[in-house]
Amino acid sequence: MLKNFFKFGKKKKDEEQKDTLENQIEKEIEDSQSEIDKIKAETEKEIKETAEEILGKNVKKTENNEKSFEIGKEKNEGTKIEKIEETSDEKTKSKLKLKPLKDRLATPKKGFFGKLKEMLLGKAIDDDLYEELEELLIQSDIGMNMTMQLVEELEKSVSRKKLKTSEQIYDELKELLKAKLIYNDESSTKLKLQDGKLNILLVVGVNGVGKTTSIGKIAKKLKDSGKKVIIGAGDTFRAAAIEQVEEWGKRTGVEVVKQAHGSDPAAVIFDTVKTAKNRGFDVAILDTAGRLHNKRDLMKELEKINKIIREQSGETDFETLLVIDSTTGQNGLEQARIFNEIVDLTGIILTKFDGTAKGGIIFPITEELKKPIKFIGVGEGIEDLREFDTKEFVEAMFD
Ligand SMILES: Nc1nc2c(ncn2[C@@H]2O[C@H](COP(=O)(O)OP(=O)(O)OP(=O)(O)O)[C@@H](O)[C@H]2O)c(=O)[nH]1
């Protein structure tokens, strides 16, 4: 039977899976740069063209904006700080009402949880049902370990609580999954920001996962809530990455500290934190590069950045947020494990939730890392980043 097969081969499979995933991560970081760069260059070109079109219109409107746009065109020499007014288009958009989360997730309608309901409701509780459930949980990116754990817990609950109907099983599974989100109570999922001091948000993750986009979206949220925000373009490895941060700066009306392409990322972090401190900013959001060649380089780079932040801000306790692309499934979990080993993470941002019909990855990531999900990305738009709310999320997934 499938369940026994999983139990028998579980340990070996775990090791094999770990090796395979580690190789895949290394390969992702080391070998796929040119392909990713190509896709990114195309995407960034599109973003740039759209942003320029919007900004271009706005630039004509006021002299202030004219000046700002010119700064954006300056050649990179030393550190540059940009201050640009928010475009009227974005102001209008920010007033639009947000769609409910369940309408933004691909999951509830087409994915695993929809299938789960279909599969469970009205069925007899027998071995076949548990087998089907295991298959579905694995397909949903919940992963082998957590699937086995969940099914075991479910079987125990069924016998302990004497559950008889598949409706009861469905509800029980919902509760068990909810329990996997224990690190996500309201006080943990909220960004830890204090008034009257500089708050640092260090954003890490491999390239292409949506770091820059998430930074832009967070900057917008914080600015809208009245915070004085600055962004440090710490991903200096690729010119396009710096430009992308600049575009987000323009879209959100947030200042950006940058240096020339290829300069030391730590120097950008230094300048950003120093500027933020001296000029009384509330929040400095720091971008980092995810394309370092191996774990050791990544660790060294992040240690250096952490040291600079501590020295310049005088803070030891700040947010370090890992961005994970939820469409990468178990790869995402492995990335989370690696980053969690080398840096003191305080939370996770799961992007592209609108683009996955699975989405189960959220459960093992938060449970294994014992870290809260701070935000989930549900689209490419400036408003498409939701503060994570456990109750709303579970309801949206199971609705
Ligand atoms: N559908 C969808 N797309 C997203 C989301 N977040 C980011 N993206 C897209 O994912 C792509 C990569 O995002 P970036 O922000 O450039 O990723 P990055 O991690 O900064 O990449 P590097 O600059 O290469 O390090 C872009 O096309 C984004 O628009 C999301 O929540 N949903």
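Thresholds, definitions, all that
Residues numbered from 1 in each chain as written. Predicted model: local features only at pLDDT ≥ 70, side-chain atom pairs only at ≥ 80, totals over all residues. Helix = DSSP H or I, 4+ residues; strand = E, 2+ residues; numbered from the N terminus. Buried ≥ 20, exposed ≤ 12 C-beta atoms within 10 Å, placed from the backbone. Contact = placed C-beta atoms within 7 Å. UniProt positions renumbered as here; feature names shortened; annotations may be inferred. Axes fitted to C-alpha atoms, helices over the stretch in contact; angles between N-to-C directions. Parallel < 35°, antiparallel > 145°, perpendicular 65-115°, else oblique. Left-handed = near helix turned anticlockwise from the far one by under 90°. Nonpolar A, V, L, I, M, F, W, Y, C, P; charged D, E, K, R; others polar. Near = placed C-beta within 6 Å. pLDDT = per-residue confidence, 0-100. Expected span 1.5 Å × (residues − 1). Arc of directions from axis to C-beta.

## Observations regarding the overall build of the chain
Each helix and strand in the chain was counted, giving 18 helices and 9 strands. The proportion of buried residues among the 399 residues of the chain is 41%. Relative to all contacts within the chain whose residues are 6 or more apart in sequence, the contacts with residues 24 or more apart total 77%.

## Things to note about the UniProt feature "domain: SRP54-type proteins GTP-binding" (unreviewed entry) in the chain
Following the UniProt record, the feature "domain: SRP54-type proteins GTP-binding" (unreviewed entry) maps to residues 372-385 here. Measuring from the first to the last C-alpha atom of residues 372-385 gives 15 Å, for a span that is 0% helix and 43% strand.

## So, the packing of helix H12 (residues 211-224) against helix H13 (residues 239-252)
Any two packed helices are characterised by how steeply their axes cross, that is the angle between the axes, and by the distance between the axes. At their nearest, the axes of H12 and H13 sit 9 Å apart, and the two run at 20° to each other. Taken together, H12 and H13 sit at an angle that is classed as roughly parallel. Of the two elements, H12 crosses H13, and the hand of that crossing is right-handed. Here Thr212, Ile215, Gly216, Ala219, Lys220 and Lys223 of H12 lie close against H13, whose contacting residues are Ala241, Gln244, Val245, Trp248, Arg251 and Thr252. Of the residues that constitute the contact of H12 with H13, the class distribution is 5 nonpolar, 4 polar and 3 charged.

## Comments concerning the site of the ligand
The ligand sits among 23 residues. The nearest are Asn207, Gly210, Thr212, Thr213 and Gly377. Mapped by element, the contributors of at least two residues to the shell around the ligand are helix H2 (33-61), H12 and H13. Element by element, the count of residues in the shell around the ligand is highest for H12, at 3 residues. Residue composition of the shell around the ligand, grouped by class: 3 nonpolar, 13 polar and 7 charged.

## Focus: the environment of Thr272
Here Thr272 lies in helix H14 (residues 265-278). Measuring from C-alpha to C-alpha, the distance between Thr272 and Leu286 comes to 8.0 Å, with 14 residues separating the pair along the chain. Not counting the four nearest positions on each side in its chain, Thr272 is found in contact with Ile230, Gly232, Val257, Ala284 and Leu286.

## Notes on the environment of Val254
Relative to the elements of secondary structure, Val254 occurs in the loop between H13 and strand E4 (255-258). On the neighbour-count criterion, Val254 (28 C-beta atoms within 10 Å) is buried. Between the C-alpha atom of Val254 and that of Lys307, which follows or precedes it by 53 residues, the distance is 25 Å. Not counting chain neighbours up to four residues away, the residues in contact with Val254 comprise Ala219, Lys223, Val229, Ile230, Ile231 and Gly249.

## Describing unusual backbone geometry
Leaving glycine out, the prevailing phi sign among residues is negative, and the prevailing peptide bond configuration is trans. Of note in this structure, Lys162 is not a glycine but carries a positive phi near 55°. If you trace the backbone, Lys162 turns up in the loop between helix H9 (144-160) and helix H10 (166-179). Residue classification places Lys162 among the exposed positions, given that 8 C-beta atoms sit within 10 Å. The backbone phi angle of Lys370 is positive, close to 55°, even though this residue is not glycine. Tracing the backbone through its elements, the reader meets Lys370 in the loop between helix H17 (362-369) and strand E8 (373-377).

## Description of the confidence of the model for the chain
On average, residues of the chain carry a pLDDT of 78, and 70% of them reach 70 or more. Least confident of the elements in the chain is helix H3 (residues 63-73), whose mean pLDDT is 32; most confident is strand E3 (residues 229-232), at 98. In the model, residues 1-11 has pLDDT below 50 throughout and makes 12 contacts with residues more than four positions away in sequence or in other chains. Confidence drops under pLDDT 50 across residues 84-97; counting only partners more than four residues distant or on other chains, this segment forms 24 contacts. In the predicted complex, the global pTM is 0.75; the interface-specific ipTM is 0.95.

## Here we look at H10
Each turn of an α-helix holds 3.6 residues, which means side chains three or four residues apart point in the same direction. For H10, with 14 residues, the first-to-last C-alpha span of 20 Å sits near the 20 Å given by 1.5 Å per residue. Taken together, the buried positions of H10 are Ile169, Leu173 and Leu177. On an axial view of H10, the arc spanned by its buried residues comes to 75°, and they lie on one face. Opposite its buried face, H10 presents the exposed residues Glu175 and Ala179, each directed more than 90 degrees away.

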